[in-house]
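# Structure at a glance
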Amino acid sequence: MAQSFGPEGPGSSETVEPLRNPNPFELPQRIKTCLRTSAESGAAASAKYLWVHLGTASGSCGQGHDQEAESAPTLEEWLNVVDEAASLGVHWIILSINTSLTAFPDVIQVCQWAQDAHGMTVGLHSDQYELPAEELEALRALDLSKTQVVAKRAAAAGLKKAQEAGFQVIIADPQPYGERPDCRGPKEMLFVSPRGRLFTCGLVEDNNEYALGNIFVRSFRELLSDASLPHLVHPKDHTVTEGCDGCPALLANFLQEPLADS
């Protein structure tokens, strides 16, 4: 049985719900119906990759909305984000966490929903140089054939246990820093910040000039089809840095066997 994590990690005195419940996805069927209706009536838009930066917050996934939104994202809201991304054609999601997985009790359920409801491949990108046994055990709740551990090149050796446990380990920084990114670009990717803000690229997450809006206020489809928003990154801001680590649009060009488009 997978261990339950609290905001303070294993052994915390705070009680949280188990990472995997018998039926963790008790969402109303009308949610999907609404998403289909929106997808059919909205402007044409598509994407292959969803990159979500969950940040370093403890507790639920995300650090709270920006000024456009009123309250912190709930698990249901994050599952809706996955639903909507799937309606646009996304088949690969990478969740970047600048800390251990124990800081996000919801992350396993988000991954399960992406895999079980939409057949997505999920990559978990962490700054950790090795995964504790209890975290690897928690990840066993996922479909190993659709689960990747994404880590810096320098950390790959320390993640040998993850490989031995059956997880595919992907290098998060496949291209040298300072070069122009050899990536598939913003036309194929959606990037979401911890506060639910959508950006053209994770590389410009801290640059408000490239903020497209908040996904808890406007839908992906609305934001992607709004020609007044900045959908391209200026060449001067397009250089490989640590901000590119874990980017699925970049990693796709360096995988020995790129993920299928379907």
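Everything below is about the structure shown above.
## Some words on the nonpolar core
With 47 residues, the main nonpolar core has Leu50, Ile93, Leu95, Val107, Leu190 and Phe220 as its most contacted residues. Listed in part, the 24 residues of the second largest apolar core include Trp51, Ala172, Leu250 and Leu251.

## Some words on helix 2 (residues 75-87)
With 13 residues, helix 2 ought to run about 18 Å at 1.5 Å a step, and its terminal C-alpha atoms sit 19 Å apart, in line with that. Where helix 2 is concerned, the buried positions are Leu75, Trp78, Leu79, Val81, Val82, Asp83, Glu84 and Ala85. Glycine 89 occupies a position one or two residues after helix 2 and carries a positive phi of about 105°.

## Describing the pattern of salt bridges
Under the defined criterion, the tally for this structure stands at six salt bridges. The shortest N-O distance in the salt bridge between aspartate 245 and lysine 152 comes to 2.5 Å. Note that aspartate 245 is positioned in the loop between helix 6 (220-225) and helix 7 (248-251) and lysine 152 in the loop between strand 4 (147-151) and helix 5 (160-164), a separation of 93 residues in sequence. Look at lysine 152 and you get buried, because its relative accessible area is 18%. Across the pair arginine 218 and aspartate 226 runs a salt bridge, and its minimum N-O distance is 3.3 Å. Where salt bridges share partners, they join Lys152, Glu242 and Asp245 into one cluster.

## A word on the environment of arginine 221
Secondary-structure assignment places arginine 221 in helix 6. Note: C-alpha distance between arginine 221 and alanine 85 (136 residues apart in sequence) is 9.1 Å.

## Concerning the packing of helix 2 against helix 3 (residues 107-118)
Taken N-terminus to C-terminus, the directions of helix 2 and helix 3 make an angle of 35°; their axes are 10 Å apart at the nearest point. Pair helix 2 / helix 3 crosses with right-handed handedness. Side by side, helix 2 and helix 3 meet where Leu75, Trp78, Leu79, Val82, Asp83 and Ala86 of the first sit next to Gln109, Val110, Trp113, Ala114 and His118 of the second. Classifying every residue of the contact of helix 2 with helix 3 by side-chain character gives eight nonpolar, two polar and one charged.

## Looking at the packing of aromatic side chains
Across all of its chains, the model carries four aromatic pairs by this definition. A centroid spacing of 5.7 Å and a plane angle of 80° characterise the contact between tyrosine 49 and tryptophan 92, whose relative ring orientation is edge-to-face. With a gap of 43 residues between them, tyrosine 49 in strand 1 (residues 49-55) and tryptophan 92 in strand 2 (residues 92-97) connect regions that are remote in the sequence. A ring pair is formed by tryptophan 51 and phenylalanine 191, whose centres lie 5.0 Å apart and whose planes are at 75°; its orientation type is edge-to-face.

## Overview of the state of the cysteines
Summed over all chains, the structure comprises zero disulfides. Sulfur of cysteine 183: no disulfide; nearest cysteine sulfur belongs to cysteine 247 and is 5.8 Å away.

About the cut-offs
Residues numbered from 1 in each chain as written. Predicted model: local features only at pLDDT ≥ 70, side-chain atom pairs only at ≥ 80, totals over all residues. Heavy atoms only, no water. Core = buried A, V, L, I, M, F, W, Y, C linked by side-chain atoms within 4.5 Å. Buried < 20%, exposed > 50% of the residue type's maximum accessible area, 1.4 Å probe, protein only. Helix = DSSP H or I, 4+ residues; strand = E, 2+ residues; numbered from the N terminus. Expected span 1.5 Å × (residues − 1). Salt bridge = Lys/Arg side-chain N within 4 Å of Asp/Glu carboxyl O. Axes fitted to C-alpha atoms, helices over the stretch in contact; angles between N-to-C directions. Left-handed = near helix turned anticlockwise from the far one by under 90°. Contact = heavy atoms within 4.5 Å. Nonpolar A, V, L, I, M, F, W, Y, C, P; charged D, E, K, R; others polar. Phe/Tyr/Trp six-rings, centres within 6.5 Å; stacked < 30°, edge-to-face > 60°. Disulfide = S-S within 2.5 Å.

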